[in-house]
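# Notes for the structure review
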Amino acid sequence: MHDVAEATIPPKSDEELKELVSLARLVAYARENAKDLNAEFSAYCLDLALGALLQDLDRSGVSISHESVQDGNLLGTRH
């Protein structure tokens, strides 16, 4: 049933995809700062948020690897 709900989601515009990538960059930056500050729970929560954003981007046809997130380089390519 979860797959049916995803199938009905309208495709995102290029502007919306750019906004999602920008948000993912912001969350990745905040996560790295939280790790540097040893704010473990905050880093964990930000990691969950980043994972959700990457999932949203992947569903929209933007491919971003976890390696590029860890390198601070969030450049996506459309499938």
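Keep in mind the model is a prediction, meaning the values are calculated, not measured. (Residues numbered from 1 in each chain as written. Predicted model: local features only at pLDDT ≥ 70, side-chain atom pairs only at ≥ 80, totals over all residues. Heavy atoms only, no water.)

This part covers the environment of A34. Among the structural elements, A34 can be located in helix α2 (residues 14-36). We classify A34 as buried; its relative accessible area is 7%. Along the sequence, A34 and L46 sit 12 residues apart, while their C-alpha atoms lie 8.5 Å from each other. Setting aside residues no more than four positions away along its own chain, A34 makes contact with A39, S42, A43 and L46. (Helix = DSSP H or I, 4+ residues; strand = E, 2+ residues; numbered from the N terminus. Buried < 20%, exposed > 50% of the residue type's maximum accessible area, 1.4 Å probe, protein only. Contact = heavy atoms within 4.5 Å.)

As a further point, take the environment of L26. Position of L26 among the secondary structure elements: in helix α2. As a C-alpha pair, L26 and L50 span 24 residues in sequence and 9.2 Å in three-dimensional space.

Ranked by size, the top nonpolar core spans 12 residues in total: L17, L20, V21, A24, V27, A28, L50, L53, L54, L57, V62 and I64. When residues of this core are traced back to their parent elements, those giving at least two are α2 and α3 (40-59). Here this core gets 6 residues from one element, more than from any other, and that element is α2. (Core = buried A, V, L, I, M, F, W, Y, C linked by side-chain atoms within 4.5 Å.)

With respect to the helices and strands, the residue K12 is situated in the loop between α1 (2-7) and α2. The spatial distance from the C-alpha of K12 to the C-alpha of R59 is 9.8 Å, given a sequence separation of 47 residues.

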